[in-house]
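Observations on the three-dimensional arrangement
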Amino acid sequence: MFRIGFGNDIHKLISGKLLILGGVKIPADKGAVGHSDADALTHAITDAILGALALGDIGSHFSDKDARWKDTDSFVFLKHTVELMKEKGFRVINVDSTINLEKPKLRPFIDTMRENLAKVLEIEINCVSIKAKTGEGLDAIGEERAIKAEAVVLLDNS
Ligand SMILES: [Zn+2]
């Protein structure tokens, strides 16, 4: 049986914070605000897997009210979710995602993000797609006030 899942995530950007995406520290003027390390891409992919399995969302598994998760590496959430998925007998077929960020350009970092995610998802790097788009100067993304990520995953239990 195939299951499809969708996830999205948005974080506010401010100066003096780290910008982490797909486990990669991106050199940037502004970083993302969040309870954990605010890795929007990893959160969106985690939510997509939970969604495919109808297991709720990242907030129901890792509450932002829980002090345990303060400044946590978001790969902890993704790894836990992959374990839940495997317990249910599923594996990831592929992931497609888009990051919306005005700057900096993410191209130099994309392959390292894909590599990091492929390892945790236990799939080949060519099954992990990460696209990057700017906000064309419009809205919170374009005005450099936010970073957003969206992801879809396909799971299989055969
Ligand atoms: Zn998030």
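As a reminder, the structure under discussion sits directly above these lines.
We now turn to the structure provided with this report. (Residues numbered from 1 in each chain as written. Predicted model: local features only at pLDDT ≥ 70, side-chain atom pairs only at ≥ 80, totals over all residues. Heavy atoms only, no water.)

What follows covers the sheet that holds strand S5 (residues 91–100). Ordered by their spatial adjacency, 5 strands build an open sheet running S4-S1-S7-S5-S6, and the pairing between neighbours is mixed. Pairing within the sheet leaves two strands with one partner each, and these edge strands are strand S4 (30–32) and strand S6 (128–133). With strand direction ignored, the average angle separating the axes of adjacent strands in the sheet is 20 degrees. Here 9 bridges tie S5 to strand S7 (residues 146–156), and the two strands are oriented antiparallel to one another. When the sheet's bridge partners are listed, Arg 91 is paired in S7 with Asp 156. Across the sheet, helix H1 (residues 40–52) touches strand S1 (2–15), S5, S6 and S7, and the angle it forms with S1 is around 155 degrees. (Pairing = 2+ DSSP bridges. Helix = DSSP H or I, 4+ residues; strand = E, 2+ residues; numbered from the N terminus. Axes fitted to C-alpha atoms, helices over the stretch in contact; angles between N-to-C directions. Contact = heavy atoms within 4.5 Å.)

Asp 9 (OD), His 11 (NE2) and His 43 (ND1) make up the full set of protein donors to the zinc ion, lying at 2.0 Å. Sequence spacing of the donor residues for the zinc ion, all on one chain, is D-x1-H-x31-H. Residue Asp 9 is found in strand S1, and its partner His 43 is found in helix H1; the two are separated by 34 residues along the sequence. Each member of the pair, Asp 9 as well as His 43, carries the same accessibility label: buried. (Donors = N, O, S within 2.8 Å, 3.2 Å for Na, K, Ca; no water. Buried < 20%, exposed > 50% of the residue type's maximum accessible area, 1.4 Å probe, protein only.)

This next bit is on the pairing of S6. For S5 and S6, the ladder comprises 6 bridges, and the chain directions are parallel. Note that in S6 the partner of Thr 98 across the bridge is Lys 131. Remark: the S5/helix H4 (residues 107–121)/S6 crossover connection has right-handed handedness. (Right-handed = clockwise from strand over helix to strand, strands pointing away.)

Note on His 43: relative accessible area 7%, which makes it buried. A polar contact is formed between the side chain of His 43 and the side chain of His 11, at a distance of 3.4 Å. Those residues in contact with His 43 that lie beyond four places of it in its chain are Asp 9, His 11, Ser 36, Asp 37, Ala 38, Ile 58, Ser 74 and Phe 77. (Polar contact = N/O pair within 3.5 Å; in protein donor to acceptor, adjacent residues only side chain to side chain.)

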